[in-house]
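Single-letter residue listing:
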Amino acid sequence: MQGDELRTAFTALMYHEMTHVFQWSGNFTAPGPLTEEIADYMVLRAKLNGAGFALPGQGDRWDEGYEVTARFLEYCDSLMTGFTAALNNKMRYAYSEDYFVQLLGKPVSHHPMIVACHCEGTGWRFWGDNNLRSKFWGRSIQLDPVGVLTLEFDDGEVLQWSKVTTSIYNLILGKLYCDHYGTMRIQGNCKYSCKLKFKEQSIIDRNPHQVQGIVQGSNGKTLATLFGKWDESMHYVTGDCSRKGKGFESLSDAHLLWKRSKPPQFPTRYNLSRFAITLNELKNYICKQGHSPLILLMGPCNNTL
Ligand SMILES: [Zn+2]
């Protein structure tokens with residue numbers, strides 16, 4: 001490379017790097033490829049892109065990165081003048097894919113965040129799928145799971161419930177924390193159903209994360225009262241004690257139902273618990289051909305796997 005070609009390449013590089021100095025990254029919450037490609041978009045706008053630069057419409061997805069995303073931003077600019085500048089402006093404190101909807105009226109995500117799981121243990125099966133509806137409030141984000149979780153036992157008892165709302169606070173300033181709140185109804189097909197109330201934390205709350213509820217029989221009678229904290233432990237007392245008020249912790253006839261297990265000393269990359277990891281244990285599911293179903297799902301495989 002020499003002469004004009006070299007000069008163009010060098011100027012393009014300067015445009016790219018100087019953009020990084022001035023652009024916003026949503027406090028580093030924006031996807032890396034997007035901030036990179038806003039920089040490449042500047043190169044494109046200055047007509048400094050070399051001959052090898054991606055062509056409009058190339059690539060498989062908008063956030064593929066590299067020049068594909070720069071071309072995508074160029075396309076968005078053709079729909080709305082000044083789009084990329086407006087997007088950058090919005091990314092000052094935080095990033096949300098919703099900015100595309102706000103500016104263009106169209107979502108970029110054609111793959112909504114659907115989580116599905118299925119697992120089996122001795123005597124039980126658990127499955128569910130969840131979509132996540134999110135609301136961005138500027139300093140916090142509210143996540144409303146949509147979907148039903150099902151736990152089925154071998155004796156035919158089925159329990160179904162939905163998750164409560166999760167909010168993550170202080171996305172911009174202060175200490176980041178999350179809270180779960182709302183009412184969870186665990187519907188049973190046999191004798192028992194349960195109602196759990198996750199109390200929303202208030203600013204002055206000295207006793208956050210509280211969960212209280214009742215277990216009801218099929219005739220609607222309260223059989224047990226539940227109380228505890230979602231990040232500590234849950235206890236139950238037989239019968240209806242909900243009117244006794246705040247003194248739950250001191251009740252000597254309370255029985256422990258669940259207690260949080262301490263996080264491992266050496267956390268995994270995704271903070272999976274030991275339980276979550278054992279759910280992915282494929283040892284018992286190796287099929288006749290000697291392949292695990294997971295490998296079969298991934299397509300043809302060779303016998304060395
Ligand atoms: Zn860069």
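Below is a summary of the structure that appears in this document.

What counts, and where the lines are drawn
Residues numbered from 1 in each chain as written. Predicted model: local features only at pLDDT ≥ 70, side-chain atom pairs only at ≥ 80, totals over all residues. Heavy atoms only, no water. Helix = DSSP H or I, 4+ residues; strand = E, 2+ residues; numbered from the N terminus. Contact = heavy atoms within 4.5 Å. Expected span 1.5 Å × (residues − 1). Buried < 20%, exposed > 50% of the residue type's maximum accessible area, 1.4 Å probe, protein only. Arc of directions from axis to C-beta. Salt bridge = Lys/Arg side-chain N within 4 Å of Asp/Glu carboxyl O. Donors = N, O, S within 2.8 Å, 3.2 Å for Na, K, Ca; no water. Tetrahedral: all angles 85-135°; square planar, octahedral: opposite > 155°, others 65-115°. Pairing = 2+ DSSP bridges. Axes fitted to C-alpha atoms, helices over the stretch in contact; angles between N-to-C directions. Parallel < 35°, antiparallel > 145°, perpendicular 65-115°, else oblique. Left-handed = near helix turned anticlockwise from the far one by under 90°. Nonpolar A, V, L, I, M, F, W, Y, C, P; charged D, E, K, R; others polar.

**Quick notes on the side chain of Thr84**
Then, number 1: With respect to the helices, strands and loops of the structure, Thr84 is situated in helix 4 (residues 83-90).
Then, number 2: Setting aside residues up to four positions removed in sequence, Thr84 forms contacts with Ile38, Tyr41, Leu73 and Asp77.

**Concerning helix 1 (residues 3-22)**
Then, number 1: If you check helix 1, its first and last C-alpha atoms are 29 Å apart, about what 20 residues at 1.5 Å a residue would give, namely 28 Å.
Then, number 2: Those residues of helix 1 that fall on the buried side of the exposure criterion are Ala12, His16 and Thr19. One side of helix 1 holds all its buried residues, which, seen down the axis, span an arc of 65 degrees. Residues of helix 1 that are exposed and angled more than 90 degrees away from the buried face: Arg7, Phe10, Val21 and Phe22.
Then, number 3: Those residues of helix 1 that are buried lie in contact with helix 2 (32-45).

**Comments concerning the pattern of salt bridges**
In a structure, side chains of opposite charge can pair up when their charged atoms sit close to one another.
Then, number 1: Scanning all chains against the criterion turns up 6 salt bridges.
Then, number 2: The partner of Arg7 in a salt bridge is Asp4, with the nearest N and O atoms 2.8 Å apart. You can see Arg7 and its partner Asp4 sitting in helix 1, 3 residues apart, about one turn around the helix.
Then, number 3: With relative accessibility at 54%, the residue Arg7 sits in the exposed group.
Then, number 4: Among the residues examined, Asp4 registers a relative accessible area of 56% and is labelled exposed.
Then, number 5: The salt bridge involving Asp77 is made with Arg45; its shortest N-O contact spans 3.6 Å. In this pair, Asp77 is assigned in helix 3 (residues 66-79) and Arg45 in helix 2, connecting sequence segments 32 residues apart.
Then, number 6: The structure contains a network of salt bridges with shared partners spanning Arg125, Glu152 and Asp154.

**Some thoughts on the coordination of the zinc ion**
Then, number 1: Coordination of the zinc ion by the protein comes from His16 (NE2), His20 (NE2), Glu36 (OE) and Glu36 (OE), over a distance range of 2.1 to 2.7 Å.
Then, number 2: Coordination geometry of the zinc ion: the 4 donor atoms subtend angles of 52 to 134 degrees at the metal centre, consistent with an arrangement described as irregular.
Then, number 3: For the zinc ion, all donor residues lie on one chain, and their spacing in sequence is H-x3-H-x15-E. Of this pair, His16 and His20 are both found in helix 1, 4 residues apart, which corresponds to roughly one turn of the helix.
Then, number 4: For His16, a relative accessible area of 11% gives the class buried.
Then, number 5: Judged by its relative accessible area of 26%, His20 falls in the partly exposed class.

**Some points on the pairing of strand 2 (residues 124-136)**
Then, number 1: As judged from the 8 bridges shared by strand 1 (residues 114-121) and strand 2, these two strands associate in the antiparallel manner. Across the sheet, residue Glu120 finds its bridge partner in strand 2, namely Arg125.
Then, number 2: In this structure, strand 2 lies alongside strand 4 (residues 149-153), joined through 5 bridges in antiparallel fashion. Bridging across to strand 4, Arg125 finds its partner in Glu152.

**Quick word on the packing of helix 1 against helix 2**
Then, number 1: Close contact between helix 1 and helix 2 brings their axes to 8 Å; oriented N to C, the two are set at 135 degrees. Compared by their axis directions, helix 1 and helix 2 come out oblique. Like other packed secondary-structure pairs, helix 1 and helix 2 cross with a definite hand, here right-handed. In this structure, helix 1 contributes Ala12, Tyr15, His16, Thr19 and His20 to the contact, and helix 2 contributes Thr35, Glu36, Ile38, Ala39, Asp40, Met42 and Val43.
Then, number 2: Grouping the constituent residues of the contact of helix 1 with helix 2 by class yields 6 nonpolar, 4 polar and 2 charged.

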